[in-house]
Amino acid sequence: MAQNLPKGGGAGGGGGGGGRGAGAAKAAGRAASALMVAGGMGYGAYNSVFTVDGGHRAVVFNRVVGMKETVYNEGLNFNIPWFERPVIYDIRTRPVNLQTLTGSKDLQMVTIGVRVLHRPDPNQLVWIYRHLGLNYDERILPSLMNECAKAVVARYNANELLTKRDEVSASITRELRARAKGFNVMLEDVALTHLAFSPEYAKAVEAKQVAQQDAARAKYVVLGAQQEKKTIITRARGEAESTELIGNAVKRNPGFMKLRRIDAAKDIADIVSGSGNKIYLNADSLLLNLLGDADDKFTKSVHGESRGWFK
């Protein structure tokens, strides 16, 4: 028995060491479980909330029932982790541009540019996500703008597209809003940003304008010539009437010529007196011999010619 005592004591010591190892393993297992629970709770807490920024709305997809009908507003919102997934929509106004080549009523090719400001209907985001997705504007707006622009431009002639630009823009806006409303897309503004014709038509319009300007210029030239003709005729009539009046005055009263000679003598005297040169001429040459016999000679010659005429 004495020999067996040490062996028994060794076995007891080994059992104590095994108990301590099992306790450590259990503690490690509990710690790992606690960490997993804490991690799961943290993951669930993190994924159970989502934030909707300003100018945005959210819809939620549920893995069990599909799309939920609720539209979530701005701020902090809750969902079920893994089972639900939020989809964020930007509902602020955004621009889109389109250029298209189309034909007018008189078969002229026109390049027209349209700029549209649009946004989705916040109350119909669930329908939009189901049928169109997030890139709804890329799916529907290019085709709608192209079709509406071509349908409206085909109602007008090429020159009416310029003279009735406001009416064309209003028609395109009305057509686009009616078509986009069926897709729950709201249009804030529609504007025509570009309108160009084919080079051949532009050259024809320019040639027409040049021809109209030339015709107007020729019209004014003709009017000017007619007016000048009237002026010449009027001047000639005036000179003829003046000559006739002078002739009648001379016949009736020879003193009229004396008065004209006095006026001429005054003009000649003013010119001679103002000249720096010294001129020596006789009075008859200067028409200054007003008291001489020149008038008598002139009167006799006039009466002699009159008698010669009436012989």
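Calculation criteria
- Residues numbered from 1 in each chain as written.
- Predicted model: local features only at pLDDT ≥ 70, side-chain atom pairs only at ≥ 80, totals over all residues.
- Heavy atoms only, no water.
- Core = buried A, V, L, I, M, F, W, Y, C linked by side-chain atoms within 4.5 Å.
- Buried < 20%, exposed > 50% of the residue type's maximum accessible area, 1.4 Å probe, protein only.
- Helix = DSSP H or I, 4+ residues; strand = E, 2+ residues; numbered from the N terminus.
- Phe/Tyr/Trp six-rings, centres within 6.5 Å; stacked < 30°, edge-to-face > 60°.
- Lys NZ or Arg CZ within 6 Å of the ring centre and 35° of its normal.
- Expected span 1.5 Å × (residues − 1).
- Contact = heavy atoms within 4.5 Å.
- Pairing = 2+ DSSP bridges.
- Axes fitted to C-alpha atoms, helices over the stretch in contact; angles between N-to-C directions.
- Patch = residues over 30% accessible without salt bridge, like charges linked within 9 Å, V, L, I, M, F, W, Y side chains within 5 Å.
- Areas by Shrake-Rupley, 256 points an atom, 1.4 Å probe, with all protein chains shown as cover.
- Salt bridge = Lys/Arg side-chain N within 4 Å of Asp/Glu carboxyl O.

Draft legend 1. Geometry of the nonpolar core. Ranked by internal contacts, the top residues of the largest apolar core, which has 37 residues, are I112, V114, L161, I172, L176 and L187. Counting residues per element, the ones that place at least two in this core are β5 (84–90), β7 (109–120), α2 (125–131), α3 (136–153), α4 (158–163), α5 (165–181) and β8 (185–197). Among the elements that make up this core, the one with the highest residue count is α3 (nine residues). Residues F50, A58, V60 and Y72 belong to the second largest nonpolar core, which totals five residues.

Draft legend 2. Focus on the packing of aromatic side chains. Going through the model one piece at a time under the given rule, you end up with four aromatic pairs. Pairing F50 with Y72 gives two aromatic rings, centres 5.7 Å apart and planes at 75°, and the pair type is edge-to-face. Highlighted residues: F50 in strand β1 (residues 49–52) and Y72 in the loop between β3 (66–67) and β4 (75–78), separated in sequence by 22 residues. Residue F50 is classed as buried on the basis of its relative accessible area, which comes to 9%. One Lys or Arg, R63, reaches over the ring of W82 and ends 4.7 Å from the middle of that ring.

Draft legend 3. Looking closely at α5. If you check α5, its first and last C-alpha atoms are 24 Å apart, about what 17 residues at 1.5 Å a residue would give, namely 24 Å. Within the span of α5, buried status applies to V168, S169, S171, I172, T173, L176 and A180. Residues of α5 that are buried in the fold lie against β7, α3, α4 and β8.

Draft legend 4. Broad picture of the sheet that holds β8. Strand order in this open sheet of three strands is β6-β7-β8, and the pairing throughout is antiparallel. At either end of the open sheet lies a strand with only one pairing partner, and these are β6 (94–103) and β8. Across the sheet, the axes of successive neighbouring strands diverge by a mean angle of 20°, strand direction being ignored. Pairing between β6 and β7: 10 bridges, direction antiparallel. By the bridge assignment for β7, P95 is matched with L117. Together, β6, β7 and β8 form the strand contacts of α3, whose direction differs from that of β6 by roughly 40°. The strands touched by α5 within the sheet are β7 and β8, with β8 carrying the most contacts at an inclination of about 140°.

Draft legend 5. Spotlight on a nonpolar patch on the surface. Nonpolar side chains collect at one region of the surface, where V64, V65, I80, W82 and F83 lie side by side and expose about 550 Å² of accessible area between them. Residue F83 is classed as partly exposed on the basis of its relative accessible area, which comes to 38%.

Draft legend 6. Inspection of unusual backbone geometry at higher detail. Look at W82: it is not a glycine, yet its phi comes out positive at around 70°. Here W82 is to be found in the loop between β4 and β5. Using a relative accessible area of 53% as the deciding quantity, one classes W82 as exposed. Positive phi outside glycine occurs at N184, with the angle close to 60°. For N184, the position within the fold is in the loop between α5 and β8. Relative accessible area serves as the criterion here: at 17%, N184 is assigned to the buried category.

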